[in-house]
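# Overview (structure and organization)
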Amino acid sequence: MTPEREVTGASTPGQSASFSHLNRHIPPLAHTAMYVWHKYWGRKTWNVVGEFIKTYCPPGGVVLDPFSGSGVVAMEALKQGRRVIVCDLSPVATEITRLTIKPVDIQELRRAFERVEKKVKDKILSLYETKCRKCGKIIPMDCAVWKDGRYTEIRYENCSKCGDRQENKCFLNAFDKKKLKEIEELKIRSWYPKNRLEYSDGTPFKERQQYKSIDELFTKRNLTALAWLMEKINDEKDKDLRDFLKIAFTSMVHLCSRMRPEDQPGRRPFSGAGWTQHSYWFAKWFLEVNVWNTFERAVIGRQSLLGAKQESNEFFSRIRIASKVDDVLEEKAHVYIHNGDSIDFMKTLAERRGECVDYIFTDPPYDASVQYGELTYLWASWLGKDEAYTEELRSHEVVRNERQGKPYETYHSLLKNAFLRMYEAIKSNRFMTITFHNPTFRVRNDTIHAGVVAGFELQKIHHQPLGQKSPKALLQPFGSAQGDFYLRFYKHTTSQAAQQPGVMEDQRFERIVVETAKRIIAERGEPTPYTILINAIDPELAKNGHFRETTGGLDVRKVLEKHLDQEFVLVSVLLGDKKGEAWWFKNPSTISHLESVPLDERVEQTVLRKLQAQGKVTFTDMWKAISEEFPNSLTTDVTSIRDALETYARKSGREEWLIKENFKQAPVKRTHTRMIAILADIGKAKSYGIWIGRREQRDSISEGFPNRQGELRQYLTRDSLDGIENARNFNDVEFVDILWLKGKKIVAAFEIETTTAMTEALKRGSNIDPKVLKYMIIPQDREEQLQRKLKSPLFADRFVQDSWKVIYAEKLDSVYAKEKEDVDVEAIQGVKMPRALAKVVKENRNQLGLFGGAEEPNEESEEEESE
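Residues numbered from 1 in each chain as written. Predicted model: local features only at pLDDT ≥ 70, side-chain atom pairs only at ≥ 80, totals over all residues. Heavy atoms only, no water.

## A word on the overall build of the chain
- Scanning the chain from terminus to terminus reveals 32 helices and 22 strands.
- Going through the 867 residues of the chain one by one, you find that 57% of them count as buried.
- Across the chain, contacts joining residues at least 24 apart in sequence account for 72% of those joining residues at least 6 apart.
- Accessible area for the chain stands at about 36400 Å²; split by element, carbon and sulfur atoms hold 45% of it. (Helix = DSSP H or I, 4+ residues; strand = E, 2+ residues; numbered from the N terminus. Buried < 20%, exposed > 50% of the residue type's maximum accessible area, 1.4 Å probe, protein only. Contact = heavy atoms within 4.5 Å. Areas by Shrake-Rupley, 256 points an atom, 1.4 Å probe, with all protein chains shown as cover.)

Here it is in structure tokens:
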């Protein structure tokens, strides 16, 4: 892998000529109301976007996002003190962005809502009348259930008179059937959109299913209610307030459609699921929700427009929205929002202003994954922003859509053109970040190629994990990539020779895949999920110029399958409570750069160290600390971090963790020193020679026994381990906490593991004859942690092969207090390996080891197992 180089030359304003790139994973924070009050697809995590802008755009600089969607880049650039230019073809996307940023008087907006409420609330609620099944009072229902085209049930949360609740199997009565008949006979005199879900030549939308027009997406009742509601919103005289109410309407109109399934897992009885498919899909069982209740929640609910504006007003109260792009470039305004073709816009921008932006962050459309133009047509139609809409899509949307006459080749040409225009607009010695989420390998590489052909240098492919990865998905032996990828491009002062697409020879492709997999597994030092491997392999292939296919049609899976039982094996692992398979070396002893401490233990060590230093941490702060210490391929899953926190800390508040008393530095050190001194006393009484680990020799005995003087090294009976016959690699063995010796042999080894590094103890012990008894001394509250490790066949295999036993520190201490040097350590053993794993260990024993190649079990151990 080409080492990361620092960019030198003309520095960006506010940055030195050499600065640290953003390589760590950024713990994603939950979206607040400002980001989610209106549905949109492909929204990037706000704090991750903010970190990239803060790193790569100089203070006061200009950020460009030509495919801006709902405006996360615009919001984060403004929050970071940058100016920003954003563009999107969808008039709804730019309207969401504008109205999220635009300040508004909250009380005035609430009063505008109340004016609409006064005019139309009761009228709409009359459409949803039912009778309470308990007291007979006429009340509005919350929703109705339709199955296979038939109205079958009603549901309500609470009768205002008697409190009755009906959330399932409340079938229609005569009143309900009469009400439905009245509604079906109503003529809707208010306007509503009847737009066909098709292009101007009659070609149906790609994402249209059984519905042929916008109005068919709704039941007669909900279409009537929506038409009445929009009519009264349009009565609002203040244009700004009217715009806010109309965008609140579009934020909920899809929830009032037939696309709200009732029969999906995890459904809620009164709200079901949202618009879950990237299409105008046909749900056979759907909820018909109460339109007024849904609108009210959209305006004044928990994640409502009012909540969003209260939050955004705090950030953007002094923000000036430009009427022309020059105002931003000339520092007369903070943000310019352009609705239209981004390619044409950037071409004009570069022709008029030359290289004028400092940083580009964008998430362009990928192939046919989301048909943004077709899907936002629902909202655009209700907003009256549908004039020449489908013609605009056909002419300007960057997407693969054969219905628009855009096969993949056309889409890729448009994407290349967009990259070229970005190259012309950005200043030299500046960076561009392009994101994508898990598209096909071809699309990823063609995206990279589009940037390279435009003149950019691809410098880095950064992987950003999801907030919560599914353990089940991670532990598939051949899963898919997880999370987002962030491509970092750089524009040099002088134009670069464009790298042309081509094929890669199978041999080179295979070598890159295998060597990258080896490097990642070795760096982690533990069995590694397939998804983590391909998250590293795919970018490495792209970085090495693999833009198309190989000569023989190889892919990553084929290569790794070929090398199973050669360099690699699949081993059983446990993540949280999920069992699966991960990739490991067939013969670890051949890997010279294999990390001796598994990543999960390094994570534990970091968690404990931070807890000991700070006493109290949040989960997000801990994830950030982990990602800074273990960047790039050394990502870890949140399950490992949470497991470590549960071991060493206790919950204190919603997201805070407070260190447990016995894991503070002083108690840990006291226990560690006390256990070594006790074992030295016992060994000495049994006439054994004593060796104390190198790190502990100068520790004061008074830390474990306040009334004693001296240092632990006073127990030593020899200066070194030279000449010991039943051990090897003395540089490791001399760091075992305490050894009992007899002549030139070790008779027992002890590791006191009060906190982390159990695998390190096993590694040191693996250099001692397997028949020598080895004891791991642990606090009793670490038993669960040890049991988790014993469920890993690699750990359990070495634990059994090398004759490890467990003693609880509390038990050793209490027995020593009574019996002094007469303690029989054999008699106070604690934890045993789970029986269910004995078979797994036996099967794995001849395949692999944690620290080296497989060892032939000795005859004695075979006899013991047979017994």
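Next comes the rest of the account.
## Looking at the confidence of the model for the chain
- Residues at a pLDDT of 70 or more form 87% of the chain, whose mean pLDDT is 86.
- Confidence drops under pLDDT 50 across residues 843–848; counting only partners more than four residues distant or on other chains, this segment forms 21 contacts.
- The model gives residues 853–867 a pLDDT under 50, and that stretch makes 20 contacts with residues more than four places away or in other chains. (pLDDT = per-residue confidence, 0-100.)

## Considering the pattern of salt bridges
- Under the criterion given, the structure shown has 51 salt bridges.
- Between Glu153 and Lys147 there is a salt bridge; the shortest N-O distance is 3.6 Å.
- By relative accessible area, Glu153 is classed as buried at 3%.
- Of the charged contacts in the structure, one is a salt bridge between Arg221 and Glu288, with a shortest N-O distance of 2.9 Å. (Salt bridge = Lys/Arg side-chain N within 4 Å of Asp/Glu carboxyl O.)

## Things to note about the side chain of Gln371
- Turning to its location among the elements, Gln371 is positioned in the loop between strand S9 (357–362) and helix H13 (372–375).
- With relative accessibility at 1%, the residue Gln371 sits in the buried group.
- Apart from the residues lying within four places of it in its own chain, the contact partners of Gln371 are Lys206, Glu207, Glu397, Val399, Arg400 and Asn401.

## Focus: the packing of helix H5 (residues 106–125) against helix H9 (residues 291–300)
- Running from N to C, H5 and H9 cross one another at 170 degrees; their axes reach a closest spacing of 10 Å. On the basis of their axis angle, the class for H5 and H9 is roughly antiparallel. The handedness of the crossing between H5 and H9 is left-handed. Contacts between H5 and H9 pair Arg110, Phe113, Val116, Glu117, Val120, Lys121, Ile124 and Leu125 from the former with Val291, Trp292, Asn293, Phe295, Glu296, Val299 and Ile300 from the latter.
- Broken down by class, the residue content of the contact of H5 with H9 amounts to 10 nonpolar, one polar and four charged. (Axes fitted to C-alpha atoms, helices over the stretch in contact; angles between N-to-C directions. Parallel < 35°, antiparallel > 145°, perpendicular 65-115°, else oblique. Left-handed = near helix turned anticlockwise from the far one by under 90°. Nonpolar A, V, L, I, M, F, W, Y, C, P; charged D, E, K, R; others polar.)

## Regarding the sheet that holds strand S2 (residues 83–88)
- Here seven strands make up an open sheet; going across it, the order is S8-S2-S1-S9-S10-S12-S11 and the pairing mixed. Looking at the sheet topology across the chains shown, the edges are occupied by strand S8 (335–339) and strand S11 (457–464). With direction set aside, neighbouring strand axes in the sheet form an average angle of 15 degrees.
- Against the sheet, helix H2 (residues 46–56) touches strand S1 (62–65), S9, strand S10 (426–436), S11 and strand S12 (484–491), its axis set at about 160 degrees to S9.
- On the sheet, helix H3 (residues 72–79) packs against S1, S2, S8 and S9 and is oriented at approximately 175 degrees with respect to S2. (Pairing = 2+ DSSP bridges.)

## Side note on the sheet that holds strand S7 (residues 285–289)
- With antiparallel pairing, three strands are arranged side by side in an open sheet as S6-S5-S7. Each edge of the open sheet carries a strand with a single partner, namely strand S6 (150–155) and S7. Each strand of the sheet is rotated relative to its neighbour by a mean of 25 degrees, with strand direction disregarded.

## Quick word on the environment of Asn23
- Along the chain, Asn23 turns up in the segment before helix H1 (33–36).
- On the basis of relative accessible area, Asn23 is assigned to the buried category, the value being 18%.
- In sequence terms Asn23 and His463 are 440 residues apart; their C-alpha atoms lie 8.7 Å from each other.

## Examining the nonpolar core
- Ranked by internal contacts, the top residues of the largest apolar core, which has 89 residues, are Leu229, Tyr280, Phe295, Leu378 and Trp382.
- One finds Met346, Leu414, Leu415 and Leu487 within the second-largest nonpolar core, a separate group that totals 45 residues. (Core = buried A, V, L, I, M, F, W, Y, C linked by side-chain atoms within 4.5 Å.)

## Concerning the environment of Lys177
- One can find Lys177 in helix H6 (residues 174–185).
- With a relative accessible area of 54%, Lys177 lands in the exposed category.
- Note: C-alpha distance between Lys177 and Thr152 (25 residues apart in sequence) is 9.8 Å.

## Quick notes on helix H7 (residues 220–233)
- Counted at 1.5 Å a residue, the expected span for H7 with its 14 residues is 20 Å, and the 20 Å between its end C-alpha atoms agrees.
- Considered for burial, the residues of H7 that qualify are Arg221, Asn222, Leu223, Thr224, Ala225, Leu226, Ala227, Trp228, Leu229, Met230 and Ile233. (Expected span 1.5 Å × (residues − 1).)

## Thoughts on helix H22 (residues 599–614)
- Across its 16 residues, H22 extends 22 Å between first and last C-alpha, which sits within 8% of the 22 Å expected from 1.5 Å per residue.
- Residues Leu599, Glu601, Arg602, Val603, Glu604, Thr606, Val607, Leu608 and Leu611 constitute the buried set of H22.
- Just past H22, the residue Gly615 takes up positive phi, approximately 80 degrees.

## Quick look at the packing of aromatic side chains
- Throughout the structure, instances matching the rule amount to 45 aromatic pairs.
- Here the aromatic rings of Phe315 and Phe316 are separated by 6.0 Å at their centres, their planes lie at 45 degrees, and the arrangement is tilted.
- In this structure Phe315 comes out as partly exposed when scored by relative accessible area, which is 41%.
- Positioned above the aromatic ring of Phe705 is the side chain of Arg674, whose terminal nitrogen or guanidinium carbon lies 4.2 Å from the ring centre. (Phe/Tyr/Trp six-rings, centres within 6.5 Å; stacked < 30°, edge-to-face > 60°. Lys NZ or Arg CZ within 6 Å of the ring centre and 35° of its normal.)

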